[in-house]
Amino acid sequence: MEMPSFVQILDFIGTFAFAISGIRLASAKRFDWFGAYIVGLATAIGGGTIRDVLLDVPPVWMTDSFYLLCTGFSLLFVIIFGKYLIHLNNTFFLFDSIGLALFTVVGFDKSMALGYPFWVSIIMGSITGAAGGVLRDVFINEIPLIFRKEIYAMACVVGGLVYWMCLKSGMENYLSQIIGGTTVFLTRILAVKYHVTLPILKGDESGNEHHLIN
Amino acid sequence: MEMPSFVQILDFIGTFAFAISGIRLASAKRFDWFGAYIVGLATAIGGGTIRDVLLDVPPVWMTDSFYLLCTGFSLLFVIIFGKYLIHLNNTFFLFDSIGLALFTVVGFDKSMALGYPFWVSIIMGSITGAAGGVLRDVFINEIPLIFRKEIYAMACVVGGLVYWMCLKSGMENYLSQIIGGTTVFLTRILAVKYHVTLPILKGDESGNEHHLIN
Amino acid sequence: MEMPSFVQILDFIGTFAFAISGIRLASAKRFDWFGAYIVGLATAIGGGTIRDVLLDVPPVWMTDSFYLLCTGFSLLFVIIFGKYLIHLNNTFFLFDSIGLALFTVVGFDKSMALGYPFWVSIIMGSITGAAGGVLRDVFINEIPLIFRKEIYAMACVVGGLVYWMCLKSGMENYLSQIIGGTTVFLTRILAVKYHVTLPILKGDESGNEHHLIN
């Protein structure tokens, strides 16, 4: 980790919030401590791991034990403060949005640095931010939340596009990162605050009966 | 893309049909546009991506934006023609079978070119053809269709075997590809038309109660 | 395969038991033969495959057809002896525990040999032993068993720790492997025999309602 310390703090906040989200959902399904830890870990590092496998580089958590320890801390936190967590929902939501913003920027950067075009980088940013939540929902056997209810991964896509346009327009890397990340953060926050959602795909109820031929 | 243009047309037809199948099933589950796009994309490129990760080569869609655009086109198609799609079921079925055949052949070829034995290549062909549908069903939280109902991946295995036997017997690459692909296509079409299915595994209902010891 | 023949026997026993566990659960869900084979295969080789993808080395089953053949043998076994398998539950449990122990040791070794630190190796050992079962449960659309009910992956973690401490204390590789594997085996057996389980995470029932902001 050669990142500056402000980014490390954001990384801790994001990882903590992502892990907490997995652990709480696992708790609602009566998972044991081990299962909850794994779901928390998958939420926190799943997106980055899928990204790194696709980019063919070693997953970050295999070279830095920070993410495993941070998830352990999150588990402890839920074990101790379980019943009171509901009062922290707004805080967790803010932390989660910070994580989403940071992870998107980190995933975008990593792909650009490896020479991929901007549209691959935007996808990788979105995977870094949102795929952990999909993995979490697969593990707890629910339909992934981000496919149905909320502007979540879409905020990553929007932020990635803004980030890229900043770079394109000749802006400094550092500034572009801040603007891109802030866009993810604000898109997410405002979408939830003002109940902005994407349209639901109209019920083609015949979808289940495909593959008929006579 | 250095493939000849006839293959490109088949590739479009197959990708379109695979994406449509994912998007329609997502629609039946009331996913939003973004979720439907992701499920469509996973159906279309999931198999090839798993294959490329296993073969340790870059996933095709990361070097060619065709698949992302084609899935976007499929989403638009469902949004516009949603209610009328049921009348196109037979067309989609044909397109899907074309895709299955092409993807199987492409996956087989790629593995052979990397020096893998024929049985790995047959598996990779089948993964290319069928694993996207498994990923789709995991995302919409259903038991994968191909495990229970239909000759689907089995058509890939049969076609892969025929393809390999053609090559073995000294036939031209080009001809072997056509015969292999046609075998996948016909196996799939005929199995559905004549309701040919694999036997169901007899109910060892005790399966759930494993791991007892006294 | 340059492993000595005793390890090969354990490998067969473990692969057989893992595949049987997948095939029986698939059977309880009325999968067809092909679906059951795939679920059996995923159970047997899923953990090793995920490990090898993370370690960026070729998955073992792609260079050795043993695992595919062994899974085929397991399917045949269930087809023929389906109804009588319930009487073999204790045997399968023992075989499964042997597999768990062996796979953990193999996964740990492989990671250490690639130069990873001990904590990555313990995770890789646990993934090798337990991730196939998670994949199995995702395919049959159930919440992964190991997250809720039993000491399973935890036995891999404990055994991996013991293995590493043996190595650390200067013990011979060979002996450390046996002690590490035996620890996995005994932890698993004794936990089931004496109904030792991990604590359930207390119901933070609000887990589902996260992401509220006002």
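It should be noted that the structure appears before, not after, this text.
Residues numbered from 1 in each chain as written. Chains lettered and ligands numbered in written order. Predicted model: local features only at pLDDT ≥ 70, side-chain atom pairs only at ≥ 80, totals over all residues. Heavy atoms only, no water.

This next bit is on the overall build of chain A. Each helix and strand in chain A was counted, giving 7 helices and 0 strands. Shown N-terminal to C-terminal, the secondary structure of chain A runs as helices and strands in the order α-α-α-α-α-α-α. The C-alpha radius of gyration of chain A comes to 18 Å, within 12% of the 17 Å expected for a compact globule of 214 residues. Structurally, chain A occupies a C-alpha span of about 55 × 50 × 35 Å along its principal axes. Across the 214 residues in chain A, those meeting the buried criterion constitute 56%. Nonlocal contacts in chain A, meaning residues at least 24 apart in sequence, comprise 73% of its contacts between residues at least 6 apart. (Helix = DSSP H or I, 4+ residues; strand = E, 2+ residues; numbered from the N terminus. Rg over C-alpha atoms; globule rule 2.2 N^0.38 Å. Buried < 20%, exposed > 50% of the residue type's maximum accessible area, 1.4 Å probe, protein only. Contact = heavy atoms within 4.5 Å.)

Turning our attention to the interface of chain C and chain A. Taken together, the 40 residues of chain C in the interface contact 46 residues of chain A. Between chain C and chain A the total buried area reaches about 3,700 Å² when both faces are included, carbon and sulfur atoms providing 66% of it. Counting across the interface, chain C meets chain A through 0 salt bridges. Between the two partners, chain C and chain A, sit 4 residue pairs in polar contact (both at pLDDT 80 or more). If one sorts the elements of the side of chain C that touches chain A by residue count, helix 5 (residues 118-139) of chain C sits on top with 6 residues. In terms of residue class, the side of chain C that touches chain A is built from 23 nonpolar, 8 polar and 9 charged. (Buried area = accessible area lost by both parts, 1.4 Å probe. Salt bridge = Lys/Arg side-chain N within 4 Å of Asp/Glu carboxyl O. Polar contact = N/O pair within 3.5 Å; in protein donor to acceptor, adjacent residues only side chain to side chain. Nonpolar A, V, L, I, M, F, W, Y, C, P; charged D, E, K, R; others polar.)

This brings us to the packing of helix 6 (residues 153-168) of chain C against helix 7 (residues 173-193) of chain C. All names here are of chain C. Close contact between helix 6 and helix 7 brings their axes to 8 Å; oriented N to C, the two are set at 155 degrees. Relative to helix 7, helix 6 is oriented roughly antiparallel. Crossing of helix 6 against helix 7: the hand is right-handed. When helix 6 is examined against helix 7, the residues Ala155, Cys156, Val158, Gly159, Val162, Tyr163, Cys166 and Leu167 are found in contact with a partner set consisting of Asn173, Ser176, Gln177, Ile179, Gly180, Thr183, Val184, Thr187 and Arg188. Residue composition of the contact of helix 6 with helix 7, grouped by class: 9 nonpolar, 7 polar and 1 charged. (Axes fitted to C-alpha atoms, helices over the stretch in contact; angles between N-to-C directions. Parallel < 35°, antiparallel > 145°, perpendicular 65-115°, else oblique. Left-handed = near helix turned anticlockwise from the far one by under 90°.)

Once that is clear, we can look at the packing of aromatic side chains. Per the stated rule, a full pass over the model turns up 44 aromatic pairs over all chains. The interplanar angle of 50 degrees and the centroid separation of 6.3 Å between the aromatic rings of B:Phe16 and B:Phe92 together place this pair among those described as tilted. Placement of B:Phe16 in helix 1 (residues 5-28) and of B:Phe92 in helix 4 (residues 89-113) is noted, with a sequence separation of 76 residues between them. By the burial criterion, B:Phe16 is buried, and B:Phe92 matches it. Between C:Phe118 and C:Trp164, the ring centres sit 3.7 Å apart and the planes meet at 10 degrees, which makes this aromatic pair stacked. Placement of the pair is C:Phe118 in helix 5 and C:Trp164 in helix 6, with a sequence separation of 46 residues. Among the residues examined, C:Phe118 registers a relative accessible area of 28% and is labelled partly exposed. Aromatic ring contacts, followed pair by pair, group A:Phe12, A:Phe16, A:Phe66, A:Tyr67, A:Phe73, A:Phe77, A:Phe81, A:Phe92 and A:Phe95 into a single cluster. (Phe/Tyr/Trp six-rings, centres within 6.5 Å; stacked < 30°, edge-to-face > 60°.)

What follows deals with the interface of chain C and chain B. Tallying the contact residues gives 46 residues for chain C and 40 residues for chain B. Considering only the surface of chain C that becomes buried against chain B, C:Asp32, C:Phe34 and C:Met62 emerge as the three largest contributors, covering 18% of it. Of all the secondary structure elements, the ones that give two or more residues to the side of chain C that touches chain B are helix 1 (5-28), helix 2 (33-55), helix 3 (66-81), helix 4 (89-113), helix 5 and helix 7 of chain C. If you tally residues by element for the side of chain C that touches chain B, the top one is helix 2 of chain C, at 8 residues. Taken together, the residues of the side of chain C that touches chain B break down into 25 nonpolar, 10 polar and 11 charged.

Looking now at the packing of helix 4 of chain C against helix 6 of chain C. Residues and elements named next belong to chain C. Two elements in contact, helix 4 and helix 6, have axes whose closest approach is 10 Å; the angle formed by their N-to-C orientations is 50 degrees. The angle between the axes of helix 4 and helix 6 places the two elements in the oblique class. In the crossing of helix 4 with helix 6, the sense of the turn from one axis to the other is right-handed. Taken together, the residues of helix 6 that come into contact with helix 4 (itself represented by Leu100, Thr104, Val105, Phe108, Asp109 and Met112) are Ala155, Cys156, Gly160, Tyr163, Trp164 and Leu167.

Before going further, it helps to examine the relation of the copies chain C and chain A. Once turned by 120 degrees and shifted 0.0 Å along the axis, chain C lies on chain A with an RMSD of 0.0 Å. On the angle and the small slide along the axis, the relation comes out as a three-fold axis. Looking at the interface residues of chain C, only 12% of them are also at the interface in chain A, so each copy uses its own face. (Least-squares fit on C-alpha atoms with pLDDT ≥ 70 in both.)

What is shown is where atoms sit, not what they do.
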